[in-house]
Amino acid sequence: DQQVKQNSPSLSVQEGRISILNCDYTNSMFDYFLWYKKYPAEGPTFLISISSIKDKNEDGRFTVFLNKSAKHLSLHIVPSQPGDSAVYFCAASANTGNQFYFGTGTSLTVIP
Amino acid sequence: GAGVSQSPRYKVAKRGQDVALRCDPISGHVSLFWYQQALGQGPEFLTYFQNEAQLDKSGLPSDRFFAERPEGSVSTLKIQRTQQEDSAVYLCASRLRRERGTQYFGPGTRLLVL
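I will try to describe carefully the structure that is included in this document.

Cut-offs and rules
Counting restarts for each chain, with residues numbered from 1 along the sequence as it is written. Each chain takes a letter, starting from A, and each ligand takes a number, starting from 1, following the order in which they are written. Reporting in this predicted model follows two pLDDT cut-offs: at least 70 for local features of residues, and 80 or more for side-chain atom pairs to be given and counted; totals over whole chains, interfaces and linings ignore these cut-offs and use all residues. Working from all heavy atoms in the structure, the side-chain values ignore hydrogens and water. Two strands are said to pair when DSSP picks up at least two bridges between them. Per the convention used, a helix needs a DSSP run of H or I reaching at least four residues, while a strand needs a run of E reaching at least two, with both numbered from the N terminus. Geometry is summarised by axes, namely lines fitted to C-alpha atoms with helices restricted to the contacting stretch, and by angles between N-to-C directions that run from 0 to 180 degrees. Between buried and exposed lies partly exposed: a residue is buried under 20% and exposed over 50% of the maximum accessible area for its type, with that area taken using a 1.4 Å probe on protein chains only. Any Lys or Arg side-chain nitrogen found within 4 Å of a carboxyl oxygen on Asp or Glu counts as a salt bridge.

Focus: the sheet that holds strand β3 (residues 19-24) of chain B
Hydrogen bonds between backbone groups are what pair the strands of a sheet, and the pairing can be parallel or antiparallel. All names here are of chain B. Taken together, 4 strands build an open sheet; the order of strands is β1-β3-β8-β7 and the sheet is antiparallel. Only two strands of the sheet have a single partner each, and these edge strands are β1 (5-7) and β7 (65-68). Strand-to-strand twist across the sheet, computed as the mean angle between neighbouring axes with direction ignored, equals 15°. As paired strands, β3 and strand β8 (residues 75-79) are joined by 5 bridges and run antiparallel to one another. Within the sheet, the bridge partner assigned to arginine 22 lies in β8 and is threonine 76.

See the structure below:
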């Protein structure tokens, strides 16, 4: 049973516009969330994280929003750049955070 | 090197063959994780080490899978009697501390079992 879901397999956005990637989770014990970016033939690269005590975390062009009541988080990229084209995974953990559950990923294409 | 390295990057094995996959974590990182990523899926947790202690192996799919980290640095994931369903990318990640914090991933080993 998939505890972390990314329902959009792909997303295309024009350069300079906002990219919004969504993630839903089912386990109410999850309290720490991360977004990773993955290029082909490389391992995932950490982007940004958020703990459940916050509802927003911002780092440059990347902002993650957490809605605990809806068990939903989203990653906003503003402005989107062609180099942002990659697969984005959200991941969640509970308690000590030694086991992370990943979504299936969303492939983002930023069109120049 | 500065990052997590894994070897080999690609491995083709005949069904029934044993394979060993190596992970060199970032120096000084206490925690080490192994994940399995099937085509079109996200990484799935296999096992976790804190230094040399394997604290969680709940994700290992069968007793054919075995992982070790004898000196608390390099780790090896061994798969015995490989099956076609073992074909996947095997990712290793390390983390500086015992709890929370960012996991840094290696490039993965792509295993193909024929």
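Details of the pairing of strand β3 (residues 19-25) of chain A
All names here are of chain A. Here β3 shows one buried face, formed by Ser19, Leu21, Cys23 and Tyr25, and one open face, formed by Ile20, Asn22 and Asp24. Here strand β1 (residues 4-5) pairs with β3 via 2 bridges, running antiparallel. Residue pairing across strands places valine 4 opposite tyrosine 25, the latter belonging to β3. Summarising the sheet, β3 and strand β8 (residues 72-77) pair through 6 bridges and their orientation is antiparallel. From the neighbouring strand, cysteine 23 faces β8, where its bridge partner is leucine 73.

A look at the pattern of salt bridges
Tallied over the entire structure, the rule returns 5 salt bridges over all chains. For the salt bridge of arginine 61 of chain A with aspartate 84 of chain A, the shortest nitrogen-to-oxygen distance reads 2.8 Å. Of this pair, arginine 61 of chain A sits in the loop between β6 (56-59) and β7 (62-67) while aspartate 84 of chain A sits in the loop between β8 and β9 (86-94), and the two are 23 residues apart along the sequence. Taking the relative accessible area as the measure of exposure, arginine 61 of chain A reaches 21% and is therefore partly exposed. A salt bridge links glutamate 68 of chain B to lysine 78 of chain B; the nearest nitrogen and oxygen atoms lie 3.3 Å apart. Taken together, the residues glutamate 68 of chain B in strand β7 and lysine 78 of chain B in strand β8 connect sequence positions 10 residues apart. The partly exposed category is assigned to glutamate 68 of chain B, whose relative accessible area is 26%.

Treat this as a map of the structure, not an account of what it does.
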